[in-house]
Amino acid sequence: MNSIKPRYETLEAIDSISKRLDINYDISSQDWAYEIVDFSSIDKYFSIYDSLIDDDEKFVLMQTIIQATNDLIESTDNLDSWARLKQRLIWDYDIHEFTIDYWSCPDMKEINDCWTITPQIRELNKKEIIKKNILFVCTINRMRSATANEIYKSDLRFNVKSAGTDSGAATVITRDLLDWSDSVIVMEKHHRNSIRKSYPDIYKNKKIVCLYIPDEYDYMQPELITILRMKFEDIYSRRLL
């Protein structure tokens, strides 16, 4: 028996999203989110989604994004859009759990009877595998990011690694580390700028959040632990990861 609680679109959210997309909403249409899909506009859909703070609006727009991604894969056999979609489904798993279950076609044994994107969606249909990969970044990876890695390495919510932007860092940041991460947590703005300069393609599609913690603490210093936990848990509770 499926224990996932159903979630439904709200008229307020539909109205807001239709205005953002500059299209008319037909209240008589039960499949509005799917009927208006144009997969050539998928970049626009992602851009709008990333600007949203309302969960109901995210829920509504995600229906369109998944349909657009499905249509794009069906037409081009290119899975690049799935990587972008997967990242956002992981970020907002609690919002989209019902949607993920729906698109995974859990009651269908024959995959050919499902949507093109169903095999990928099914990989997300077990909540226990949804652990965010967090990369903590500072300058030399010996104080701030190393401390963050230490205090969160056993946290069941995350897989964590740490690195530094300096060539002499204990672990130097690499493309592989950035690709591995779902979210990058930097300590200062210049760390984010360093990523943008060295990896502009990754920077455009990667969630990068700055904690604004200056380089004035020792490894595992109690004050550093306190401020790291306070700031990191704040962005986690606000779903900024």
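To keep things clear, this report deals only with the structure shown in the data block. Counting from 1, residues in each chain are numbered in the order their sequence is written. Since the coordinates come from a predicted model, pLDDT governs what is reported: local features require at least 70, and pairs of side-chain atoms require 80 or more to be given and counted, while whole-chain, interface and lining totals use all residues. Computation of side-chain values covers all heavy atoms of the structure but excludes hydrogens and water.

**Digging into the overall build of the chain**
Okay, so step 1: Working definition: helices are DSSP H or I runs of at least four residues, strands are E runs of at least two. Numbering for both runs from the N terminus. For the chain, the helix and strand inventory stands at twelve helices and four strands.
Okay, so step 2: The quantity called the radius of gyration is restricted to C-alpha atoms. Its globule counterpart is 2.2 Å times the number of residues to the power 0.38. Its C-alpha radius of gyration of 20 Å places the chain within 12% of the 18 Å reference for a compact globule of 241 residues.
Okay, so step 3: Referenced to the eigenvectors of the C-alpha coordinate spread, the extents of the chain come out at roughly 60 × 40 × 35 Å.
Okay, so step 4: Going through the 241 residues of the chain one by one, you find that 46% of them count as buried.
Okay, so step 5: Working convention for charge: Lys and Arg count positive, Asp and Glu count negative, and His plus the chain ends are omitted. Charged groups are reduced to one reference atom each: NZ for lysine, CZ for arginine, CG for aspartic acid, CD for glutamic acid. Between the mean site of the 32 positive side-chain charges and the mean site of the 41 negative ones, the chain shows a separation of 6 Å. Throughout this description, buried means an accessible area under 20% of the type-specific maximum (1.4 Å probe, protein chains only), exposed means over 50%, and partly exposed covers the range between.

**Digging into the pairing of strand S2 (residues 158-164)**
Okay, so step 1: The buried fraction of S2 is high, at five of seven residues.
Okay, so step 2: Pairing analysis gives seven bridges linking strand S1 (residues 132-138) to S2, with the strands arranged parallel. Along S2, the bridge assignment pairs Phe-136 with Ser-162. Two strands form a pair only when DSSP identifies at least two bridges running between them.

**Here we look at the environment of Thr-69**
Okay, so step 1: Topologically, Thr-69 is positioned in helix H4 (residues 55-76).
Okay, so step 2: It is 6.6 Å that separates the C-alpha atoms of Thr-69 and Trp-82, two residues lying 13 residues apart in sequence.
Okay, so step 3: Sequence-distant contacts of Thr-69, that is, excluding residues within four places in its chain, are made with Ile-42, Ser-81, Trp-82, Leu-85 and Ile-117. Note on contacts: a residue pair is in contact if any heavy atoms of the two residues lie within 4.5 Å.

**As for unusual backbone geometry**
Okay, so step 1: For Asn-141, which is not glycine, the phi torsion reads 60 degrees and is therefore positive.
Okay, so step 2: Inspection of the secondary structure assignment puts Asn-141 in the loop between S1 and helix H8 (144-152).
Okay, so step 3: For Asn-141, a relative accessible area of 6% puts it in the buried group.
Okay, so step 4: Positive phi, close to 55 degrees, is recorded for Tyr-212, a residue that is not glycine.
Okay, so step 5: Its location among the elements puts Tyr-212 in the loop between strand S4 (207-210) and helix H12 (222-237).

**Comments concerning the packing of helix H3 (residues 42-51) against H4**
Between two packed helices, the angle of one axis relative to the other and the distance separating the axes together describe the packing.
Okay, so step 1: Axis definition: a line fit to C-alpha positions, over the contact stretch in the case of helices; interaxial angles, taken between N-to-C directions, run 0 to 180 degrees. Viewed as axis vectors pointing N to C, H3 and H4 meet at an angle of 155 degrees, and their least axial separation amounts to 10 Å. In terms of their interaxial angle, H3 and H4 are classed as roughly antiparallel. Our pair here, H3 against H4, has a crossing hand that is left-handed. Here Ile-42, Tyr-45, Phe-46, Ile-48 and Tyr-49 of H3 lie close against H4, whose contacting residues are Lys-58, Leu-61, Met-62, Thr-64, Ile-65, Ala-68, Thr-69 and Leu-72. Each angle is binned into one of four classes, with values under 35 degrees roughly parallel, values over 145 roughly antiparallel, values of 65 to 115 roughly perpendicular, and all other values oblique. The handedness criterion is simple: a crossing whose near helix is rotated anticlockwise from the far helix by less than a right angle is left-handed, and one whose near helix is rotated clockwise is right-handed.

**Considering the environment of Leu-178**
Okay, so step 1: With respect to the helices and strands, the residue Leu-178 is situated in helix H9 (residues 175-180).
Okay, so step 2: For the pair Leu-178 and Arg-122, spaced 56 residues apart in sequence, the C-alpha separation works out to 25 Å.
Okay, so step 3: The residues contacting Leu-178, other than those within four sequence positions of it, are Leu-135, Ile-173, Val-184, Ile-195, Tyr-199, Ile-202 and Lys-206.

**What about the pattern of salt bridges?**
Okay, so step 1: Whenever a carboxyl oxygen of Asp or Glu lies within 4 Å of a side-chain nitrogen of Lys or Arg, that contact is scored as a salt bridge. For the structure shown, the criterion picks out nine salt bridges.
Okay, so step 2: A salt bridge links Arg-7 to Asp-56, with the nearest nitrogen and oxygen atoms 2.9 Å apart. With Arg-7 in the segment before helix H1 (11-21) and Asp-56 in helix H4, this residue pair connects regions lying 49 residues apart in the sequence.
Okay, so step 3: Using a relative accessible area of 28% as the deciding quantity, one classes Asp-56 as partly exposed.
Okay, so step 4: Note that Asp-50 is salt-bridged to Arg-88, the shortest N-O span being 2.9 Å. Here Asp-50 is found in helix H3, whereas its partner Arg-88 is found in helix H5 (residues 80-91), with 38 residues between them in sequence.
Okay, so step 5: Note on Asp-50: relative accessible area 40%, which makes it partly exposed.
Okay, so step 6: Residues joined in a network through salt bridges with shared partners are Arg-144, Glu-188 and Asp-215.

**Comments concerning helix H10 (residues 189-198)**
Okay, so step 1: When we look at burial in H10, the residues that qualify are His-191, Arg-192 and Ile-195. For H10, the angular spread of the buried residues around the axis is 100 degrees, confining them to a single face.
Okay, so step 2: Of the surrounding secondary structure, the elements contacted by the buried residues of H10 are S1, H8, H9, strand S3 (183-186), helix H11 (200-205) and S4. In this context, the arc is that of the directions from the helix axis out to the C-beta atoms.

**Concerning the sheet that holds S1**
Okay, so step 1: Spatial strand order, S2-S1-S3-S4: four strands in an open sheet with parallel pairing. Strands at the two margins of the open sheet, each flanked by one partner only, are S2 and S4. Across this sheet, the average inter-strand angle for adjacent strands is 25 degrees, counted without regard to direction.
Okay, so step 2: Along the sheet, H8 contacts S1 and S2; its crossing angle with S2, the most-contacted strand, is approximately 165 degrees.

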